[in-house]
Amino acid sequence: MFDIAVIEDPAAAEASLDPTRARLLAALAEPASATMLAARVGLPRQKINYHLRALEQHGLIELVEERRKGNVTERVMRATAASYVISPVAFAAVRPNPSQSPDRLSARWLLALAARLVQDVGALITGAERARKPVATFAVDATVRFASASDRAAFAEELAVTVANLVGRYHDEQAPGGREHRVVLALHPSVSPNTDTAPKES
């Protein structure tokens, strides 16, 4: 089981978004049969089996073992990952395009960048799994509390200049065998699940 898996197929995305199937995916973090799941989630075993077939068809769950009980073979299944992310590839016709109207101060452009990040890293993970090779990535996650809006603006400007200088220092357009890497940095207000997420006046 992977820690996280990326869903790129539209049909698999649709299957995972069904509320009942999402509950079953969560319940299948630990291997279980349809009979066991029926007791856990309070649904008839026949209905559980129907949903399990759909989840298995789309690669969201996998067979762990088969147990023989009298004349019945019980299939024990588990989720293929502990959690899932749906790639924008699943919504190809309407996925965000960050190359349109780039604006460093636009929250929607930031969201488009984040969507592309999920899409690109998802594709890298999928390719790496097929090739059985690791993916070289790096990420920074930090929290900064600004005393004022002017401090926030100054921080953003200094960050932009620093990154531009760093990129300029290491970018080599003519490097033989070199490989391009994308650098994405984001700055946004922190979101707490217990507080109002509307932006504050500043």
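See above for the structure.
Residues numbered from 1 in each chain as written. Predicted model: local features only at pLDDT ≥ 70, side-chain atom pairs only at ≥ 80, totals over all residues. Heavy atoms only, no water.

Thoughts on the overall build of the protein
Alright, step 1. For the protein, the helix and strand inventory stands at six helices and four strands.
Alright, step 2. Element order for the protein, N to C, with α for helix and β for strand: β-α-α-α-α-β-β-β-α-α.
Alright, step 3. Here the C-alpha atoms of the protein give a radius of gyration of 22 Å, more than 25% beyond the 17 Å that 2.2 N^0.38 yields for 202 residues.
Alright, step 4. Here the C-alpha coordinates of the protein stretch approximately 70 × 50 × 30 Å along the principal axes.
Alright, step 5. The 202 residues of the protein split such that 22% are buried.
Alright, step 6. Carbon and sulfur atoms make up 54% of the accessible area of the protein, which totals about 15,100 Å².
Alright, step 7. On the protein, the mean spot of the 24 positive side-chain charges and the mean spot of the 23 negative ones are 7 Å from each other. (Helix = DSSP H or I, 4+ residues; strand = E, 2+ residues; numbered from the N terminus. Rg over C-alpha atoms; globule rule 2.2 N^0.38 Å. Buried < 20%, exposed > 50% of the residue type's maximum accessible area, 1.4 Å probe, protein only. Areas by Shrake-Rupley, 256 points an atom, 1.4 Å probe, with all protein chains shown as cover. Lys, Arg positive; Asp, Glu negative; His and termini not counted. Charge placed at Lys NZ, Arg CZ, Asp CG, Glu CD.)

Brief notes about the packing of helix H2 (residues 19-27) against helix H3 (residues 34-41)
Each packed pair of helices is defined by two parameters, the angle between the axes and the distance between the axes.
Alright, step 1. Where H2 contacts H3, the two axes come as close as 11 Å, and the packing angle between them is 110 degrees. In terms of orientation, H2 lies roughly perpendicular with respect to H3. Only Leu37, Arg40 and Val41 of H3 make contact with H2, whose side of the interface consists of Arg23, Leu24 and Ala27.
Alright, step 2. The residue inventory of the contact of H2 with H3, partitioned by class, reads four nonpolar, no polar and two charged. (Axes fitted to C-alpha atoms, helices over the stretch in contact; angles between N-to-C directions. Parallel < 35°, antiparallel > 145°, perpendicular 65-115°, else oblique. Contact = heavy atoms within 4.5 Å. Nonpolar A, V, L, I, M, F, W, Y, C, P; charged D, E, K, R; others polar.)

Description of the pattern of salt bridges
Alright, step 1. Going through the model one piece at a time under the given rule, you end up with eight salt bridges.
Alright, step 2. Between Arg75 and Glu56 there is a salt bridge, with the nearest N and O atoms lying 3.0 Å from each other. Linking Arg75 in strand S3 (residues 72-79) with Glu56 in helix H4 (residues 45-57), this pair joins segments that are 19 residues apart in sequence.
Alright, step 3. In this structure Arg75 comes out as partly exposed when scored by relative accessible area, which is 33%.
Alright, step 4. Here Arg67 and Glu65 are joined by a salt bridge, their closest N and O atoms 3.2 Å apart. (Salt bridge = Lys/Arg side-chain N within 4 Å of Asp/Glu carboxyl O.)

Some words on the nonpolar core
Alright, step 1. Leu24, Leu28, Leu37, Ile48, Leu52 and Ile61 are the most contacted members of the largest nonpolar core, which totals 22 residues.
Alright, step 2. Breaking this core down by element, the ones donating at least two residues are helix H1 (10-17), H2, H3, H4 and S3.
Alright, step 3. Beyond its immediate stretch of four places on either side in the chain, Leu24 contacts Leu37, Val41, Ile48, His51, Leu52 and Leu55. (Core = buried A, V, L, I, M, F, W, Y, C linked by side-chain atoms within 4.5 Å.)

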